[in-house]
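Take a look at the letters that make up each chain.
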Amino acid sequence: MEQVKTVAFHTLGCKLNFSETSTLSRLLEQDGFVKTDFDNSADVYVINTCSVTDNADKECRQLVRRIQRRAPQSMVVITGCYAQLKPQEIASIEGVDLVLGAAEKFNIAEHLKTLTKGDSTKICSCDIEDVNTFHASYSLNDRTRTFLKVQDGCDYTCTFCTIPMARGKSRSDSVINVVDHAQKLAADGVKEIVLTGVNLGDFGKGMEGGKKREETFYELVQELEKVAGIERYRISSIEPNLLSNEIIEFVANSHKFMPHFHIPLQSGNNEILGLMRRRYRRELYAEKVALIKQFMPHCSIGVDVIVGFPAESDTHFQDTYDFLHGLDVSYLHVFTYSERPNTPALDIKPVVPVNIRHERNKLLRNLSHKKLQFFTEQHLNQTRKVLFESHGKDGMMEGYTDNYIKVTTPYRKEWVNQLIDWELR
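Attention here is on the structure that accompanies the text. Bear in mind the structure is a predicted one, so any value in this text is a computation, not a measurement.

### Focus: the sheet that holds strand S19 (residues 419-423)
Two modes of strand pairing occur in sheets, parallel and antiparallel, and in both the strands are linked by backbone hydrogen bonds.
Then comes step 1: Strand order in the open sheet made by the 4 strands is S18-S17-S16-S19, with antiparallel pairing throughout. The sheet is open, and its two borders are formed by strand S18 (406-410) and S19, each paired with just one other strand. The mean angle between the axes of side-by-side strands here comes to 45°, regardless of whether they run parallel or antiparallel.
Then comes step 2: Direction of pairing for strand S16 (residues 383-393) relative to S19: antiparallel, over a ladder of 5 bridges. Across the sheet, residue valine 386 finds its bridge partner in S19, namely isoleucine 420.

### Observations concerning the environment of arginine 282
Then comes step 1: With respect to the helices and strands, arginine 282 occurs in helix H11 (residues 282-295).
Then comes step 2: Distance from arginine 282 to phenylalanine 323, taken between C-alpha atoms, is 8.5 Å for residues 41 residues apart in sequence.
Then comes step 3: Apart from the residues lying within four places of it in its own chain, the contact partners of arginine 282 are Gly268, Asn270, Leu273, Asp319 and Phe323.
Then comes step 4: Within the structure, arginine 282 has its side chain in polar contact with the side chain of aspartate 319 (distance 3.3 Å).

### Comments concerning unusual backbone geometry
Then comes step 1: Cis rather than trans, the peptide bond between lysine 349 and proline 350 has omega equal to 0°.
Then comes step 2: Residue position: proline 350 is located in the loop between strand S15 (331-336) and helix H13 (354-377).
Then comes step 3: Backbone geometry places glutamine 266, a non-glycine residue, at a positive phi of 75°.
Then comes step 4: On the secondary structure map, glutamine 266 appears in strand S13 (residues 260-266).
Then comes step 5: On the accessibility criterion, glutamine 266 (9% relative accessible area) is buried.

### Observations concerning helix H9 (residues 245-253)
Then comes step 1: Three or more residues of H9 are buried, namely Ile247, Ile248, Phe250 and Val251. The buried residues of H9 all sit within an arc of 160° when viewed along its axis, so they share a single face.
Then comes step 2: Here the buried face of H9 lies against helix H8 (217-224), strand S12 (232-235), S13 and H11.

### Focus: the packing of aromatic side chains
Any two aromatic rings considered together are summarised by their centre-to-centre distance and by the angle between their planes.
Then comes step 1: Under the counting rule described, the total for this entry stands at 13 aromatic pairs.
Then comes step 2: Aromatic pair phenylalanine 250 and phenylalanine 257: ring centres 5.9 Å apart, planes at 65°, arrangement edge-to-face. Across the pair, exposure class does not vary: phenylalanine 250 and phenylalanine 257 are buried alike.
Then comes step 3: Each ring, one from phenylalanine 317 and one from tyrosine 321, has its centre 6.4 Å from the other, and the planes form 55°; the classification is tilted. Placement of the pair is phenylalanine 317 and tyrosine 321 together in helix H12 (residues 314-326), with a separation of 4 residues, close to one helical turn. Comparing phenylalanine 317 with tyrosine 321 shows no difference in burial state: the two are buried.
Then comes step 4: Cluster of aromatic residues (ring-pair linked, three or more members): Tyr218, Tyr233, Phe250 and Phe257.

### A closer look at the side chain of glutamate 225
Then comes step 1: Structurally, glutamate 225 can be placed in the loop between H8 and S12.
Then comes step 2: Here glutamate 225 is buried and forms no salt bridge, its nearest opposite-charge partner lysine 256 lying at an N-O distance of 6.5 Å.
Then comes step 3: Here the side chain of glutamate 225 touches serine 254 through a polar contact of 2.5 Å, side chain to side chain.
Then comes step 4: When near neighbours in sequence (up to four residues on either side) are disregarded, glutamate 225 contacts Tyr233, Phe250, Ser254, His255, Lys256 and Phe257.

### Some remarks on empty space enclosed by the protein
Then comes step 1: Scanning all chains against the criterion turns up 1 cavity of 30 Å³ or more.
Then comes step 2: The computed volume of the largest cavity comes to approximately 30 Å³.
Then comes step 3: Forming the walls of the largest cavity are Thr144, Arg145, Glu192, Leu387, Phe388, Glu389 and Tyr400.
Then comes step 4: Here the lining of the largest cavity takes 3 residues from S16, the largest share from any one element.
Then comes step 5: For the lining of the largest cavity, the residue count by class is 3 nonpolar, 1 polar and 3 charged.

### With respect to the packing of H9 against H11
Then comes step 1: In the contact formed by H9 and H11, the axes pass within 9 Å of each other and the chain directions differ by 25°. Judged by the angle between their axes, H9 and H11 are roughly parallel. Here the hand of the crossing between H9 and H11 comes out right-handed. Contacts between H9 and H11 involve Asn245, Ile248, Glu249 and Ala252 from the first element and Lys288, Leu291, Ile292 and Phe295 from the second.

### Looking at the pairing of strand S1 (residues 6-11)
Then comes step 1: One ladder, built from 3 bridges, connects S1 with strand S2 (residues 34-36); its direction is parallel. Each residue of the ladder has a partner; that of threonine 6, found in S2, is valine 34.
Then comes step 2: In this view, the connection linking S1 to its parallel neighbour S2 by way of helix H1 (residues 15-30) has right-handed handedness.
Then comes step 3: In terms of strand pairing, S1 meets strand S3 (residues 44-49) through 5 bridges, oriented parallel. The residue of S3 that forms the bridge with alanine 8 is tyrosine 45.

### Examining the sheet that holds S2
Then comes step 1: Taken in spatial order, the 6 strands make up an open sheet running S2-S1-S3-S4-S5-S6, and their pairing is parallel. Each edge of the open sheet is held by one strand with a lone partner, namely S2 and strand S6 (122-124). Averaged over neighbouring strand pairs, the angle between their axes works out to 20° when direction is ignored.
Then comes step 2: Both strand S5 (residues 98-100) and S6 contribute to a ladder of 3 bridges, which runs parallel. Note that in S6 the partner of leucine 98 across the bridge is lysine 122.

### Some points on the state of the cysteines
Then comes step 1: Throughout the structure, instances matching the rule amount to 0 disulfides.
Then comes step 2: With no disulfide partner, cysteine 158 has as its closest neighbouring cysteine sulfur the one in cysteine 161, 6.2 Å distant.
Then comes step 3: Using a relative accessible area of 10% as the deciding quantity, one classes cysteine 158 as buried.

So, how was this worked out
- Along every chain, residues carry numbers that run from 1 in the direction the sequence is written.
- This being a predicted model, a pLDDT of at least 70 is required before a residue's local features are given, and a value of 80 or more before pairs of side-chain atoms are given or counted; all residues contribute to the totals for chains, interfaces and linings.
- The side-chain quantities take in all heavy atoms of the structure and omit both hydrogens and water.
- We treat two strands as partners when DSSP finds at least two bridges between them.
- The way it works is that DSSP assigns letters per residue, a run of H or I at least four long becomes a helix, a run of E at least two long becomes a strand, and they are numbered from the N terminus.
- What counts as an axis is a line fitted to C-alpha atoms, over the stretch in contact for a helix, and the angles between N-to-C directions run from 0 to 180 degrees.
- The criterion used for residue contact is that any of the two residues' heavy atoms lie within 4.5 Å.
- N or O atoms closer than or at 3.5 Å make up a polar contact, with two conditions inside protein: a donor-capable atom paired with an acceptor-capable one, and, for residues adjacent in sequence, both atoms drawn from side chains.
- Here's how the labels work: a residue is buried when its accessible area is under 20% of the maximum for its type, exposed when over 50%, partly exposed in between, all with a 1.4 Å probe on protein chains only.
- The arc in question is formed by the directions pointing from the helix axis toward the C-beta atoms.
- Planes of paired rings set the category: under 30 degrees apart is stacked, over 60 is edge-to-face and the rest tilted, where pairs are Phe, Tyr or Trp rings (Trp by its six-membered ring) whose centres lie within 6.5 Å.
- Only four residue types enter the tally: Lys and Arg on the positive side, Asp and Glu on the negative side, with His and both chain ends excluded.
- Think of a salt bridge as a Lys or Arg side-chain nitrogen and an Asp or Glu carboxyl oxygen that are within 4 Å of each other.
- Buriedness for pockets is judged along seven lines, at least five of which must meet protein on both sides within 12 Å for an open set on the 1 Å grid over protein atoms alone, while cavities are sets there where a 1.4 Å probe fits but cannot get out, and lining residues have an atom within 4 Å of a point.
- Grid points are joined across faces, edges and corners, and a volume is the space filled by probe spheres set on the points.
- The residue classification treats Ala, Val, Leu, Ile, Met, Phe, Trp, Tyr, Cys and Pro as nonpolar and Asp, Glu, Lys and Arg as charged. All others, Gly included, are polar.
- An angle below 35 degrees is treated as roughly parallel, one above 145 as roughly antiparallel, one from 65 to 115 as roughly perpendicular, and anything else as oblique.
- Note on convention: near helix rotated counterclockwise from far helix by under a right angle means a left-handed crossing. Clockwise means right-handed.
- Handedness of a crossover is defined as follows: with both strands directed away from the viewer, a clockwise route from the first strand across the helix to the second makes it right-handed.
- By definition, disulfides here are pairs of cysteine sulfur atoms that lie within 2.5 Å.

Printed below as a string of structure tokens:
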């Protein structure tokens with residue numbers, strides 16, 4: 001009788017990666033593997049990587065070393081953005097058996113059948129120009145909220161970013177397919193879907209990508225609103241220039257799309273935005289925030305911002321700080337600029353010293369804390385619906401209001417995956 005093989009997964013990076021890891025897990029479980037926790041011994045370890053910063057690369061290498069100490073005979077598979085960008089570098093890490101690039105990660109089951117421990121590392125990668133298909137993915141049973149991938153790749157050329165090199169051109173699922181996935185998830189008891197993608201607002205270019213848009217993100221949200229059983233949708237992240245006024249107005253009048261936007265800014269200074277090759281100026285960003293707050297004063301708005309980009313002077317940074325300080329936003333995701341190979345930003349001078357980058361990061365994280373505190377205090381004594389997560393920790397459980405205020409309370413099994421009226425205190 002053939003022995004059952006176990007597989008463990010670890011995900012680095014974004015919500016999109018979480019949705020893809022969950023899909024890889026289901027593919028291997030269909031092939032007879034039994035999923036186990038990453039901290040347990042397993043026959044196969046799969047690390048789905050990110051490569052937005054140096055830290056993600058380092059974390060991947062550390063995880064492989066940890067597996068080597070714990071289970072040196074286990075197979076180690078690396079996939080994701082780091083695997084596409086630097087397959088040879090990963091293959092040189094002791095203990096790695098298989099490197100799967102963007103085109104091959106969903107063929108993982110077939111690759112594992114031909115793999116033997118001790119052989120030289122197998123690299124299955126291709127030129128990113130050859131990655132021209134869309135693979136639908138969603139997370140299930142990993143947490144109460146489900147991440148549903150509807151778009152992949154990016155046609156933008158921001159000077160700091162490796163994602164187009166790691167994920168290829170912008171392509172997406174069709175509206176009819178996404179609705180079908182949502183209906184199946186509803187049948188599985190899912191209450192909240194988070195729509196994910198690399199450049200979500202660019203949805204509609206078809207499964208192979210192209211310049212011509214076949215459908216729009218606005219059409220997608222209109223159709224998803226009609227799906228019975230799904231009570232909440234969130235838009236994970238959307239570029240300000242692609243966040244149309246009609247989408248904002250639609251969300252304001254929707255019963256299912258939550259009053260919560262995450263909108264990348266990256267810099268509050270127009271000169272730096274130009275050097276980054278962002279497709280908007282800060283005035284447009286401010287207009288979008290103002291319109292959202294006009295329609296939905298209670299709406300949560302998250303912001304991505306990069307500090308220490310080349311040529312960012314103290315004046316540029318102060319401009320960003322003052323701009324964010326004056327914006328009616330709820331929280332910031334602050335990234336310290338990290339040099340990435342083969343990006344045009346490497347040619348921009350002067351380089352900002354690393355210690356100054358970290359100082360700026362700290363200043364903005366402190367601002368974020370104050371913003372979140374202020375936003376939360378505005379809603380005290382209000383009753384809002386909270387969807388509680390399935391996983392508990394130290395006897396506590398967590399959930400989020402419609403407008404993304406985090407609530408923690410003693411664990412109650414009957415509240416898992418339930419919308420509970422909650423008075424914010």
